[in-house]
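# Chains, contacts and geometry: an overview
Each chain, written out:
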Amino acid sequence: MKKLIAVSSLLALVLAGSGLFALDIPVGDEGGKFTLDSYVDYEFDIVTDTSKPDDNDKSWIEEVDPDDNKQGRVTVSAGYEGDNYAFGVGFGIRRRYATGDPEFYTDTAWGKYYLLDKQLSIRGGGLAGDWGGTIWDTFEGSWSDDQAGVQLAFAPSALTGLSFGLSLPVPFTDKRTIVEGKSGYYDENDKKWVNSIAAENGNWGPTYPFANLAFGLRLNQTIPGLDFSTEVKLKGKAATNGETGEDEGEGDFQGANLHFVGIYTFAPISFRLSVPITGLAAPKPAGGDAPDPITKLAARLIFDIPNAEGSSLDLGDPFVQLKLLPNANAIDASTPADTKSFKDIEVGAEWGPSYKLSDQLTAYLYIAGYYRIWEEATKDQEDYPLTFWVRPGLGFKFAPNATLLIRDRIYFARQTTKEGLRNEVQFRFNWAF
């Protein structure tokens, strides 16, 4: 009961904050524009999981949002755009648990100056993932996301959709490179190596931005139907990443990471390919061979099913997907010698049709299934390779761009879990404008 009261109180707080408004106001005769946008989000689940021990708390409120570990948030972003410059900042309130204290935060401010009729831009402060726009939810996004520093970007007007440039990152105080312990243990549940020595913040050297430079390129409809992006990020050595006890002046690096993503659309079908590669050109260790790069791949085929004109039924965009992953059960997954590319395989499919019952009410149904094969499977992985769930739901639209979703996701099977049944009654409120 106390949990429900706490959840209700947080919902009241978020609803009270939903009075925030959006502004788009022209300023002066030169066409400058001031913007103020807000976003309200509140999420929680009521979970019943048959794999949990049989105790008095078999059902509970899941108070953690899997995206950013915050249950509710109200965010505001403000900015100004002139003829040849722009700047902005974001701020807001968020909290992880209904019973916790709200946390006030400010996003890194940014500023941008345009040259050559806005073909060239110089950005400082919070960086933008300009060349990771086609990265989708399967793998990592742009290496410029959540980074501060300096960014140069060029988008020539003579060639449609082409943009390229580089980012020179400077680490945030709370995200600077850390020194990790060398001993630890292998966690059978999470399938990863866990260091037994707590990490410590290190200093960072003046060569950090250059030793960790990221270069990006994007071709968005330059070739009709194709959206392609790629980024290469250098990896600084301990010296340039600021690990304690090293010479900060060294400028060597220990390889690079690369990802590229292509989306080709030939309506009503589109094909997406995502390939991230880590450990390119890694140096050869003393007394050993240079480790091989670690590569992942995901290929997704999406079908945009045409809807009948005037129909309330939306058949959605079902897709099938193939993922080729490194072996998950290496003795120490942080050691490249134990990790090999393309050893584990997962195939899956998702489909989410909906039916509009009225202007304010929409019914949803989502179905997803994934089957995985591990190279060196544990007994649970061999016995339970399937994840399958169904999620019916209702969406209530009670204000412009404001929606309350009530959904029930029912797991009939979960990978590696004997008692795969799990039920999540989900409440999702958001107002984006």
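Structure's up top.
This text gives an overview of the structure that appears in the document. No experiment lies behind these values; they were computed from the predicted model shown.

## As for the overall build of the protein chain
- In terms of helices and strands, the protein chain carries four helices and 28 strands.
- Within the protein chain, buried positions represent 37% of all 433 residues.
- For the protein chain, contacts bridging at least 24 residues in sequence account for 54% of all contacts bridging at least 6.
- Total accessible area on the protein chain stands at roughly 23,800 Å², and carbon and sulfur atoms take up 57% of it.

## Overview of the side chain of Glu424
- The residue Glu424 is located in strand S28 (residues 422-432) in this model.
- Within the structure, Glu424 has its side chain in polar contact with the side chain of Gln426 (distance 3.1 Å).
- The residues touching Glu424, leaving out its near neighbours within four places in the chain, are Asp45, Ile46, Val47, Arg407, Asp408, Arg409 and Tyr411.

## Let's talk about the pairing of strand S16 (residues 226-236)
- In this sheet, S16 lies alongside strand S15 (residues 214-220) in antiparallel orientation, the contact comprising seven bridges. Looking at S16, one finds that Ala214 is bridged to Lys233.

## Here's the deal with the side chain of Ser167
- Within the element layout of this structure, Ser167 appears in strand S10 (residues 162-170).
- Side-chain polar atoms of Ser167 contact the side chain of Gln151, separated by 2.9 Å.

## Remarks on the nonpolar core
- Val40, Tyr42, Phe44, Ile61, Val74, Ala402, Phe429 and Trp431 form the largest nonpolar core, which has eight residues in total.
- Elements with a contribution of two residues or more to this core: strand S2 (32-49) and S28.
- Sort the elements by how many residues they give to this core and S2 lands first, with three residues.
- The next biggest cluster of nonpolar side chains, apart from the first, holds six residues, and it includes Ile302, Phe319, Ala368 and Tyr370.

## A few points about the pattern of salt bridges
- For the structure on display, the rule yields eleven salt bridges.
- Across the pair Glu81 and Lys118 runs a salt bridge whose closest N-O atoms are separated by 3.3 Å. Linking Glu81 in strand S4 (residues 72-81) with Lys118 in the loop between strand S7 (110-115) and strand S8 (120-126), this pair joins segments that are 37 residues apart in sequence.
- Residue Lys118 is classed as partly exposed on the basis of its relative accessible area, which comes to 37%.
- Between Arg218 and Asp227 there is a salt bridge whose closest N-O contact spans 2.8 Å.
- According to the relative accessible area criterion, Arg218 is buried, its value standing at 17%.
- By relative accessible area, Asp227 is classed as buried at 10%.
- Residues participating in the shared-partner salt-bridge network are Asp49, Arg409, Arg414, Arg422 and Glu424.

Scoring rules and cut-offs
- Residues numbered from 1 in each chain as written.
- Predicted model: local features only at pLDDT ≥ 70, side-chain atom pairs only at ≥ 80, totals over all residues.
- Heavy atoms only, no water.
- Helix = DSSP H or I, 4+ residues; strand = E, 2+ residues; numbered from the N terminus.
- Buried < 20%, exposed > 50% of the residue type's maximum accessible area, 1.4 Å probe, protein only.
- Contact = heavy atoms within 4.5 Å.
- Areas by Shrake-Rupley, 256 points an atom, 1.4 Å probe, with all protein chains shown as cover.
- Polar contact = N/O pair within 3.5 Å; in protein donor to acceptor, adjacent residues only side chain to side chain.
- Pairing = 2+ DSSP bridges.
- Core = buried A, V, L, I, M, F, W, Y, C linked by side-chain atoms within 4.5 Å.
- Salt bridge = Lys/Arg side-chain N within 4 Å of Asp/Glu carboxyl O.

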